[in-house]
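# Coordinate inspection notes
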Amino acid sequence: MQLPAYYEFCNSVKTIVGHKALEQIPQSLKAINAQRPMIITDKGVEQAGLIKIVQAAMQKSKLKAAAIFDSVPADSDVKVVNEVAKLYRSKKCDSIIAVGGGSVLDTAKGANILVSENAADLMQFVGYGNVKRKLRPLVAVPTTAGTGSEVTSVAVIANHEKNIKMAFGSLFLLPDIAILDSRMTKTLPPTITAFTGMDALTHAVEAYFCLAKNPLSDTTALAAIQLIAQNLVNVVKKPSDLDGRLALALASNLAGMAFSNSMVGLVHNIGHAIGGVCGVPHGICMNILLPYGLEYNMHKAAQHIGQLLYPLAGEEVYNKTPVKERPLKTVEYIRKLIQDLHDATDGKHPRFLKEVYDKTGKQMIPKEKLHDIAKTAMSDPAQFYNPEDLDYNDYIMVLEAAWEGIPLDRKKIKKG
Amino acid sequence: MNALQYPEIKPKKKFIKRIYIAVMLWVVGRAIQAAAKVDKEVKEEFAKLKDNFLLKMWIWPNGPSMYVGKTKDGKVKYLGWKDKGYKPTLTMTIKSVEAAMLLFTFQEATAIATTRNRLVVDGDLPDACALVRILNIVEVYLLPKIIAKLAVKRYPKCSQMNPFRKHFGRILIYVRAFTF
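Quick look at the structure, then. As the structure is a prediction and not an experimental result, all values here were calculated from the model.

## Structural notes on the overall build of chain B
Of regular secondary structure, chain B possesses seven helices and five strands. In sequence order, the secondary structure elements of chain B are arranged as α-α-β-β-β-β-α-α-β-α-α-α. In terms of overall dimensions, chain B has C-alpha extents of about 70 × 40 × 30 Å along its principal axes. Looking at the 180 residues of chain B, the share that counts as buried comes to 49%. A separation threshold of at least 6 residues defines the contact pool for chain B, and within that pool the share at least 24 residues apart is 64%. Counting every atom, chain B has about 10,300 Å² of accessible surface; 62% of that belongs to carbon and sulfur. Each charge sign in chain B was given a centre, from 33 positive and 14 negative side chains, and these centres are 6 Å apart.

## Comments concerning the overall build of chain A
Broken down by element type, chain A carries 15 helices and nine strands. Taken over C-alpha atoms, the radius of gyration comes to 21 Å for chain A, in line with the 22 Å a tight globule of 416 residues would show. Along the first, second and third principal axes, the C-alpha set of chain A runs to 60 × 50 × 45 Å. Buried residues in chain A amount to 57% of all 416 residues. Looking at chain A alone, contacts between residues at least 24 apart form 76% of all its contacts between residues at least 6 apart. Summed over its atoms, the accessible surface of chain A is roughly 17,200 Å², and 53% of this surface lies on carbon and sulfur atoms. Averaging the positions of the 47 positive and the 41 negative side-chain charges in chain A gives two centres separated by 5 Å.

## As for unusual backbone geometry
Between B:Trp60 and the following residue, B:Pro61, the backbone shows a cis peptide bond with an omega angle of 5°. At A:Asn118, a position not held by glycine, the phi torsion is positive, near 50°. Here A:Asn118 lies in the loop between helix H5 (102-117) and strand S5 (127-128). Positive phi, normally seen in glycine, also occurs at A:Asp346, with a value near 55°. Relative to the assigned elements, A:Asp346 resides in the loop between helix H13 (326-344) and helix H14 (370-377).

## Quick word on the pairing of strand S4 (residues 90-94) of chain B
Residues and elements named next belong to chain B. Within S4, five of the five residues are buried, leaving the element largely enclosed by the surrounding structure. Every second residue of S4 is oriented toward a common face, with Leu-90, Met-92 and Ile-94 on one face and Thr-91 and Thr-93 on the other, all of them buried. Relative to S4, strand S1 (residues 54-59) is paired through five bridges, and the arrangement is parallel. Residue Trp-58 lies in a different strand from S4, and its bridge partner there is Thr-93.

## Some details on helix H10 (residues 282-307) of chain A
Residues and elements named next belong to chain A. With 26 residues, H10 ought to run about 38 Å at 1.5 Å a step, yet its terminal C-alpha atoms sit only 26 Å apart, falling short of that. The sharpest bend along H10 comes to roughly 110°, located at Ala-301. Where burial is concerned, most of H10 is hidden: 20 out of the 26 residues are buried.

## A look at the side chain of A:Asp394
Relative to the elements of secondary structure, A:Asp394 occurs in helix H15 (residues 392-404). A relative accessible area of 2% places A:Asp394 in the buried class. Within the local environment of A:Asp394, its side chain forms a polar contact with the side chain of B:Arg154, the two groups lying 2.6 Å apart. Apart from residues no more than four positions distant in its own chain, A:Asp394 is found in contact with A:Tyr296, A:Asp389, A:Lys414 and B:Arg154.

## Some words on the interface of chain A and chain B
If you look at the interface, chain A gives 25 residues, while chain B gives 19 residues. Here chain A and chain B share an interface that buries about 1,900 Å² over both sides, 56% of which is from carbon and sulfur atoms. On the chain A side of the interface with chain B, the three residues burying the most area are A:Tyr6, A:Phe384 and A:Asp389, jointly 29% of the side's total. The interface formed by chain A and chain B includes two salt bridges. A salt bridge links B:Arg154 to A:Asp391; its shortest N-O distance comes to 3.8 Å. Considered class by class, the residues forming the side of chain A that touches chain B number 12 nonpolar, four polar and nine charged.

## Let's talk about the environment of A:Ala251
Relative to the helices and strands, A:Ala251 is located in helix H8 (residues 242-262). Look past the residues within four positions of A:Ala251 in its chain and what remains in contact with it is A:Ala224, A:Leu227 and A:Ile228.

## Description of the sheet that holds strand S4 (residues 95-100) of chain A
All names here are of chain A. Here six strands make up an open sheet; going across it, the order is S1-S9-S6-S4-S2-S3 and the pairing parallel. Two strands bound the open sheet, and with one partner strand each, they are strand S1 (14-18) and strand S3 (67-69). Neighbour-to-neighbour, the strand axes of the sheet open up by a mean angle of 15°, direction not taken into account. Alignment of strand S2 (residues 37-40) against S4, held across four bridges, turns out to be parallel. Paired with Pro-37 across the strands is Ser-95, a residue of S4. Sheet contacts for helix H3 (residues 50-59): S2, S3 and S4; angle to S2, the most-contacted strand, approximately 165°.

## Side note on the packing of aromatic side chains
All names here are of chain A. Scanning the model with the defined rule gives six aromatic pairs over all chains in all. Taking the centre distance of 5.2 Å and the plane angle of 85° together, the rings of Tyr-310 and Tyr-318 count as edge-to-face. You can call Tyr-310 partly exposed: its relative accessible area is 36%. Given the relative accessible area of 16%, Tyr-318 is considered buried.

## Describing the nonpolar core
Residue and element names in this part refer to chain A. Core analysis: the biggest nonpolar cluster contains 80 residues, and Leu-201, Ile-270, Ile-274, Val-280, Ile-365 and Ile-373 have the highest contact counts within it. Only helix H6 (190-209), helix H7 (215-237), H8, helix H9 (266-278), H10, H13, H14 and H15 provide two or more residues apiece to this core. Ranked by residue count, the leading element in this core is H10, at 12 residues. Among the domains, domain 1 (14-184) and domain 2 (190-412) are the pair contributing at least three residues each to this core.

## A word on a positive patch on the surface
A surface patch of positive charge is lined by A:Arg410, A:Lys415, B:Lys145, B:Lys149 and B:Lys157. One can find B:Lys157 in the loop between helix H6 (145-151) and helix H7 (163-179). With a relative accessible area of 43%, B:Lys157 lands in the partly exposed category.

About the cut-offs
- Along each chain, residue indices are assigned from 1 in the same order as the chain's sequence is written.
- Here chains are named by letter from A upward and ligands by number from 1 upward, in the order in which they appear as written.
- Given that this is a predicted model, residues contribute local features only at a pLDDT of at least 70 and side-chain atom pairs are listed and counted only at 80 or more, while totals for whole chains, interfaces and linings are drawn from all residues.
- Water and hydrogen atoms were dropped before computing side-chain values, which therefore reflect all heavy atoms in the structure.
- Per the convention used, a helix needs a DSSP run of H or I reaching at least four residues, while a strand needs a run of E reaching at least two, with both numbered from the N terminus.
- Burial classification: accessible surface area is computed with a 1.4 Å probe over protein chains only, and a residue below 20% of its type maximum counts as buried, one above 50% as exposed, and the rest as partly exposed.
- Two residues qualify as a contact provided that any one of their heavy atoms is within 4.5 Å of a heavy atom in the partner residue.
- Accessible surface area values rest on a Shrake-Rupley calculation with a 1.4 Å probe, where residue burial reflects the displayed protein chains alone.
- Positive charges come from Lys and Arg alone, negative charges from Asp and Glu alone, with His and the N- and C-terminal ends not counted.
- In this description, the location of a charge corresponds to atom NZ of lysine, CZ of arginine, CG of aspartate or CD of glutamate.
- Radius of gyration here uses only the C-alpha atoms, and the compact-globule reference equals 2.2 Å multiplied by the residue count raised to the power 0.38.
- Note on pairing: two strands pair once DSSP finds at least 2 bridges between them.
- The span expected for a helix works out to 1.5 Å for each residue beyond the first.
- Bend, at a single residue, is the angle you get between axes fitted to the 7 residues ending at that residue and the 7 residues starting at it.
- In protein, a polar contact requires one atom able to donate a hydrogen and another able to accept it; more generally it is a pair of N or O atoms within 3.5 Å, and residues adjacent in sequence count only if both atoms are side-chain atoms.
- Here's the idea: put two parts together, see how much 1.4 Å probe accessible area each one loses, and the total over both is what we call buried area.
- Salt-bridge detection follows one rule: a side-chain nitrogen of Lys or Arg within 4 Å of a carboxyl oxygen of Asp or Glu.
- When residues are sorted by character, Ala, Val, Leu, Ile, Met, Phe, Trp, Tyr, Cys and Pro go into the nonpolar class, Asp, Glu, Lys and Arg into the charged class, and all the rest, Gly among them, into the polar class.
- Axis definition: a line fitted to C-alpha atoms, over the contacting stretch in the case of helices. Angles run 0 to 180 degrees between N-to-C directions.
- Under the pairing criterion, centres of Phe, Tyr and Trp rings, with the six-membered ring standing for Trp, must be within 6.5 Å; the plane angle then separates stacked pairs below 30 degrees from edge-to-face pairs above 60, leaving the rest tilted.
- Nine residue types can take part in a nonpolar core, namely buried Ala, Val, Leu, Ile, Met, Phe, Trp, Tyr and Cys, and a core is a set of them joined through side-chain atoms within 4.5 Å.
- What counts as a domain boundary in this text is fixed by an automatic or database domain assignment.
- Patch members must show over 30% relative accessible area and no salt bridge, and they are joined within 9 Å when carrying like charges or within 5 Å when they are nonpolar side chains of Val, Leu, Ile, Met, Phe, Trp or Tyr.

As structure tokens, this is what we get:
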């Protein structure tokens, strides 16, 4: 294990995990002196009947939501945050229960800043460290197993009028409580289960081999990788496997803990750019780019990448594989995992950038967009944490290979 | 035991370290100004930055500091170490004198210092990315290869920066940085 001369790690979230973990909401709220919670969610979660499960868990202790906001869009927006804050104030709520994916949790974090600071404009809190004091109680109930937002200290909220994405970072944005209940992800369709699981795997893998890795984040990253390797394909094939669902929810949580402390590298760097230029869901980009991120950095992080074979493939394969071959074998295993997910979803899970289509069947990443993506990627700070440096031509090389679906020609990677 | 009997422990001023860092900031600031005239890549990076771009690089909490900005006619200028009421668009704060020493004695690469949370950047992130690229090029010009390799993630090969550009550019940057 690598012991850096200096590192930082913080995770202050109380995490409650179980098949009926939601039943702990009333007691947990009472413990943090919250009596009038507001539920924030989106239409999809509401229509899937998940809010009823949350309400039923609360009613057993005669606790009622003081307000419910169920219209959070897929892309968190500052207007929605303001609406949520307005409802919170008018109903005199004293805490928030956010039930949903990354967008819902980010919206809840944004609204919590406004109501706790008694502010009207989120702009003054943009950036890192501008939220400087404890916010109102926030309970996060994730309904996807991928983003890990329930244990991260950041939120990204769009301002569509100004066409910008505002990033907020502060340890005070960490929720007070995260509740992982298998019922919350049970109805997640196999395709979404597949790419959100790969999102969590990417968080853990990048946290493990990128520059800010440390022994504490390594521990959570390795555990997350093992849980995903053992459960993801099985759950995609058998969505009602509640034990598998809970294992993936935990994996996402552990991976979130790892990457919010160790940050991420090339895969997220390019993934953010593809999301910005072409509007492709984040998890899909992560799934496709992960093997390329490993190949690109192999000469700098071979030892760490080789170590990932253990949680991915198990003890027997790890021990049988010579040390020198382990890094390549790790990439081979991840490519096999992507292929297995592709097969398990009847080809709906994309393996390459050219295979990504929208609901109307239109290709989302035309090859001519690769140049715009590369230029955008050059302005993304995730590159700071990547072991190897990148210039415009390097981005193009990775993007072209990922678009075609061919492994990177590692002889072409520039080494210092 | 009376706590008041114990003398207050005051942090040392670290004069020599501060002087060393101030000199290094001066050299880097002057070299950025010179590189913006000499090197095409640095020139292009600055051209993409907004017209009122102004960098403040400083050591928390009391300095030393260094200011570099774009003038009204688009030229890049080292503006000195004194705050003359500048409004920086990008502030790079090094958290302590010791962290700055690690960085400026090249015991710790810029990338590693960033990952170890020794630097705080306040401003537009795309500008910060461009600045890191500029600093990398300037370091390659200023430092001998054996030291520059410690400071940058990837030292450019001849195919990326031909020897003529590197050595001729180095002479020009040193001359410009230390003369006018």
